[in-house]
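Remarks on the overall topology
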Amino acid sequence: MSSCVSHHHQVGVRPRPGGRLPAAVASFLPPAPRRRRRVACAAMSAEAAPGVEPAEAEPVAAALAEMVEEAAVWCAVHGLVVGDRADPRSGMVPGVGLVHAPFSLLPARFPTSFWKQACELAPIFNELVDRVSLDGEFLQAALSRTKQVDAFTARLLDIHEKMMAINKKEDIRLGLHRSDYMLDSETNSLLQIELNTISSSFPGLGSLVSELHRTLLKQYGKVLGLDSKMIPRNWAATQFAEALGRAWAEYNNDSAVVLMVVQPEERNMYDQYWLVNHLKESYGVTTIRKTLAQVEAEGEVLTDGTLVIDGRTVAVVYYRAGYAPTDYPSEAEWRARLMMEQSSAVKCPSISYHLVGTKKIQQELAKPNVLERFLDNKEDIAKLRKSFAGLWSLDNEEIVKAAIEKPDLFVLKPQREGGGNNIYGHDLRDMLIKLQKEQGESLAAYILMQRIFPKASLTPLVRGGDCFEDLTISELGIYGAYLRNKDKVVLNNQCGYLMRTKVSSSNEGGVAAGFAVLDSVILTDE
């Protein structure tokens, strides 16, 4: 759940004419293009549809053209920025080679009823992650076959097993999660894509986009027929910082620091620095940033379990790296992960929370009667089930047969985390046939998932100061924070959201990876 990789989409596209603008304004837009049109935003709306007087289009065209420049300036002065790939130092040296994060010029329309449903699910999923994390036997058994075919999951399970062997207890447990959803046009329902339990990215920049859109619509909303008050407030950055600050307080050592584990190169560092700044300003907490290799070189666990890095006691370990095999290029990084896990520091996430976020566990939890093993409230269980898309292991021969016959209705997801891994269409059919012939353990390396068909809409996107239009689909991520100290739940909140919008021709999305843009939500009655 990277700050810079994609978050596994499994979608088809159902075009929806008109896009972001209300019907009266949308009529000024040209028909949806077959491919991207790199045209000025002014041209997008000035090309009046038949029967629309050019004069009526002019205020909209003028507004959109002005908005592009104003939005880019707003990004620069409010820190809605990422490192520029063109500058080799931009991922390592703060303040060097900044560009605005790619964004949608207008917020995504989203029905209020589905918005409320997604927000209500956050505290239930938080509780579920905590309950499942405490059942080590369940995690080990559910992932036992995955372990045979995925070396990365196997290494995580080895650490988990070591912690079970010494009966390691995590009294203070902190989860900063993000559950991702799409609206399926086939079933008119909100369906979960996945639950991220490690390195849930963009709380900092995501909350800024909501403010950007609110600012733009306060000035231009009347012309565009959009009301800035319908953009929900987004406190993701401050609420994530609050959860980290309160976890630090529960650790109860005023001289301790928060350790943010980061990648050696991170162009999305400013998303992370928003949390660092909030922690310092609101809670007086110092954050140190270290790579896994630096943790191994500079860290030690004292006999009483205290984690010390470069001479400083660590109260909370917050992972913004460590979720992908590429984060562990040598044994040093694995030694660092094990060392932190053995310590008494609060981990966000602990190894067990991390494992709960794997795709295989998502699929296990979707099986009949499994949620009942962890949750007591029947209403909560029903709410979770309603959001589950179809999920199957490849042991299910009937489903595999259906997927070979109609591959476009499914997506094949490898157990690996990180983007660019999902298999679709003809490739899916070929892979299933190949796996059937091989049989054996290789079937356990994948799960099948129902493919979701969101509606596509025409959207003005801004990247590198240029505005262009394209058909897009959107994915809503709802952040959740959970903090527990032994029997006391300190907090269990839904805290903000992330809207990501991607060009619908791309199967994989991910803002920092370059396929998608940051967005916000404008609530509608639809």
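Residues numbered from 1 in each chain as written. Predicted model: local features only at pLDDT ≥ 70, side-chain atom pairs only at ≥ 80, totals over all residues. Heavy atoms only, no water.

As annotated in an unreviewed UniProt entry, the chain carries the name Glutathione synthetase and comes from Urochloa decumbens. Per UniProt, the chain has the following entry under Pathway (unreviewed entry): "Sulfur metabolism; glutathione biosynthesis; glutathione from L-cysteine and L-glutamate: step 2/2." Per UniProt, the chain carries the Subcellular location (unreviewed entry) text "Plastid, Chloroplast". (UniProt positions renumbered as here; feature names shortened; annotations may be inferred.)

Reading across the sheet, the three strands line up as 14-16-15 and stay open at both edges, with antiparallel pairing between neighbours. A strand with exactly one partner marks an edge of an open sheet, and here the two such strands are strand 14 (391-393) and strand 15 (410-414). Pairs of neighbouring strands in the sheet enclose a mean axial angle of 30 degrees, with direction left out of account. Summarising the sheet, strand 15 and strand 16 (residues 446-450) pair through five bridges and their orientation is antiparallel. Residue Leu412 lies in a different strand from strand 16, and its bridge partner there is Leu448. Contacts from helix 18 (residues 425-438) reach strand 15 and strand 16 within the one sheet, and its direction differs from that of strand 15 by about 60 degrees. (Pairing = 2+ DSSP bridges. Helix = DSSP H or I, 4+ residues; strand = E, 2+ residues; numbered from the N terminus. Axes fitted to C-alpha atoms, helices over the stretch in contact; angles between N-to-C directions. Contact = heavy atoms within 4.5 Å.)

This part takes up unusual backbone geometry. Put simply, Cys348 and Pro349 share a cis peptide bond, and its omega is 5 degrees. One can find Pro349 in the loop between strand 13 (346-348) and helix 13 (351-356). Unusually for a residue other than glycine, Asn369 sits at a positive phi of about 70 degrees. By secondary structure assignment, the location of Asn369 is in the loop between helix 14 (359-365) and helix 15 (371-374). Looking at Asn369, the relative accessible area reads 59%, which means it is exposed. (Buried < 20%, exposed > 50% of the residue type's maximum accessible area, 1.4 Å probe, protein only.)

Where helix 9 (residues 236-251) contacts helix 10 (residues 269-283), the axes come no closer than 9 Å and their chain directions differ by 60 degrees. Between helix 9 and helix 10, the angle is such that the two are oblique. Crossing of helix 9 over helix 10 shows right-handed handedness. Facing helix 9, whose interface residues are Ala237, Thr238, Phe240, Ala241, Glu242, Leu244 and Gly245, helix 10 presents Leu275, His278, Leu279 and Tyr283. Its residues assigned to classes, the contact of helix 9 with helix 10 shows seven nonpolar, three polar and one charged. (Parallel < 35°, antiparallel > 145°, perpendicular 65-115°, else oblique. Left-handed = near helix turned anticlockwise from the far one by under 90°. Nonpolar A, V, L, I, M, F, W, Y, C, P; charged D, E, K, R; others polar.)

With that settled, the discussion passes to the pairing of strand 15. In terms of burial, strand 15 is a largely internal element, five of the five residues being buried. Going residue by residue along strand 15, you find Phe410, Leu412 and Pro414 tucked away on one face and Val411 and Lys413 tucked away on the opposite face as well.

With 128 residues, the main nonpolar core has Leu80 and Leu174 as its most contacted residues. Of the residues forming this core, the biggest block, eleven residues, is contributed by helix 4 (residues 112-133). Here Leu174 is in contact with Ala243, Leu244, Ala247, Val316, Val346, Lys347, Cys348, Pro349, Tyr353, Tyr482 and Leu483, once residues within four sequence places are set aside. With 16 residues, the next largest nonpolar core counts Leu394, Ile404, Phe410 and Ala445 among its residues. (Core = buried A, V, L, I, M, F, W, Y, C linked by side-chain atoms within 4.5 Å.)

Let's shift gears to the pattern of salt bridges. Taken as a whole and judged by the stated rule, the model has 30 salt bridges. The salt bridge partner of Asp158 is Lys147, with a shortest N-O separation of 3.5 Å. Remark: Lys147 occurs in helix 6 (residues 144-149) and Asp158 occurs in helix 7 (residues 151-165); sequence separation between them is eleven residues. What makes Lys147 partly exposed here is its relative accessible area of 24%. The network of salt bridges with common partners includes Glu127, Asp130, Arg131, Arg173, Asp376 and Arg484. (Salt bridge = Lys/Arg side-chain N within 4 Å of Asp/Glu carboxyl O.)

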